Structure formats: C-alpha cells, structure tokens
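Fold and geometry: a report
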Amino acid sequence: MICHVIDDWLDKRFVYDLCHRISYNINCFEFNNIANRRTWPDGSEGSHRLMGCTIFQRENLNRITTLNKEAPVFFDIFERIENILNSRYLLNAIQINIQHSGCNGTSHTDGMHNEQTIMLMTNSEWDNKWGGQFQMLNNDGSVIEEHDYVPGRLIIFPSHIPHRGLGPSEKYPYIYRQTVVFRVQPF
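What comes next concerns the included structure. (Residues numbered from 1 in each chain as written. Predicted model: local features only at pLDDT ≥ 70, side-chain atom pairs only at ≥ 80, totals over all residues. Heavy atoms only, no water.)

Here's the deal with the overall build of the chain
In terms of helices and strands, the chain carries two helices and eleven strands. Here the chain has a C-alpha radius of gyration of 15 Å; the compact-globule value for 187 residues is 16 Å, and the two agree. Its C-alpha atoms give the chain principal-axis dimensions of about 45 × 40 × 35 Å. Across the 187 residues that make up the chain, the buried fraction comes to 48%. For the chain, contacts bridging at least 24 residues in sequence account for 76% of all contacts bridging at least 6. Taken as a whole, the chain presents about 10,100 Å² of accessible surface, with 47% of it coming from carbon and sulfur. The average position of the 17 basic charges and that of the 21 acidic charges among the side chains of the chain differ by 2 Å. (Helix = DSSP H or I, 4+ residues; strand = E, 2+ residues; numbered from the N terminus. Rg over C-alpha atoms; globule rule 2.2 N^0.38 Å. Buried < 20%, exposed > 50% of the residue type's maximum accessible area, 1.4 Å probe, protein only. Contact = heavy atoms within 4.5 Å. Areas by Shrake-Rupley, 256 points an atom, 1.4 Å probe, with all protein chains shown as cover. Lys, Arg positive; Asp, Glu negative; His and termini not counted. Charge placed at Lys NZ, Arg CZ, Asp CG, Glu CD.)

Focus: the sheet that holds strand β7 (residues 134–137)
In space, the three strands of this open sheet follow the order β8-β7-β10, with antiparallel pairing throughout. Two strands lie at the open edges of the sheet, namely β8 (143–147) and β10 (163–165), each paired on one side alone. Each adjacent strand pair in this sheet contributes to an overall mean axis angle of 20°, direction not counted. (Pairing = 2+ DSSP bridges. Axes fitted to C-alpha atoms, helices over the stretch in contact; angles between N-to-C directions.)

A closer look at the pairing of β7
Here β7 shows a buried face lined by Phe134 and Met136 and a second buried face lined by Gln135 and Leu137. Sheet topology places β7 next to β8; four bridges connect them, and they run antiparallel. Of the residues in β8, the one forming a bridge with Phe134 is His147. In this structure, the hairpin formed by β7 and β8 is closed by a connection of five residues, where Gly141 is found at a positive phi of approximately 90°. Taken together, the three bridges between β7 and β10 define a ladder with antiparallel strand orientation. Each bridged residue has a counterpart across the sheet, and for Phe134 the counterpart in β10 is Gly165.

As structure tokens, then:
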C-alpha cells in the first residue's frame, strides 16, 4: 500500500465542530484552487480547478504568503498529527477542498519526491453510498489504490504520486465532500 491510513483518532464532536467551522466560518472559498500550477507568479494555469481556499501558504523558508484568521485550529490539528506519526515536518501549506456532486478531481500531483500530503476527511457525517472515494493512480490514470471517505480519516501519501478525489455521487446533489490538506516536507 502506498497510503498510510489512520482512523478513529479524533473525537466525533470535534469532527462535527470542524465540519461546521469549514462550512460556515471560513469565508474565503472560491473556485480558485488550482492543481498542478504551471505558471508564475500567480499560478493561475494548471490542470484543473476546484472549490477551496488556502488557510496557510509558505512560499519559502522565510516567507509566508497566506495566513487565514482560522489557521490556529488547523495548526493544532497538524501538531497532533505530528505526535501521532511521531514525525516532524516543515509545513508548506494548509488547504481546504470542497467537491459537490459529480465534481470528480482529475489526476494530479501535489509536490516533489521529497514531499508528503496529509489529507483529513472533515465531513461529520458520510454514507458510503454517497461516493467520495480517494484514489491513487498510475501514470496512465488507472487506479492502484482506493480509500472510502470516512469522517475524521487521515491519509498520508507521497505528494509526487498521481491521485484524485471523487465528488459525491450525482444521486445526492446536496452533499459536499470536504477535505483539509497539509502539504509537508519531512525533516
């Protein structure tokens, strides 16, 4: 298996509160989260867009370009993740992604060979029939590993491997799939 999966590490009440915070308190969601950015300096060109926002962004070791007022709770979560994994990381970004029904992500990578992605599934309620799976892909786009969407689930994987998240099934048009992504480099 490529992914390291951790379940049942967050209190259900915390997941509920976090889902509510993402849905109602963070007012920066736009259709501007661009995967595989290939232009500079704004990164406005890439492979696909989805709804989301950046909570924290480090451009380099000494420059932080984004720091949302909601960042402290996500820093707390990240510190707990480091403790669970017994590892320390340089945190480069915290992003929230939201997908509506039928909004499947396309194959993309998050970073280089020395980087990892830590994804947290933040919906407080989820039924498997809604879909929302996370897939690791071969370079030809075929699925090599798939994980169901589970509230509070952590999935840790190498950032350079192609992957995608599936949106909720089109049978459930008012369901939104939320994830928080921590992009990191191990020390």
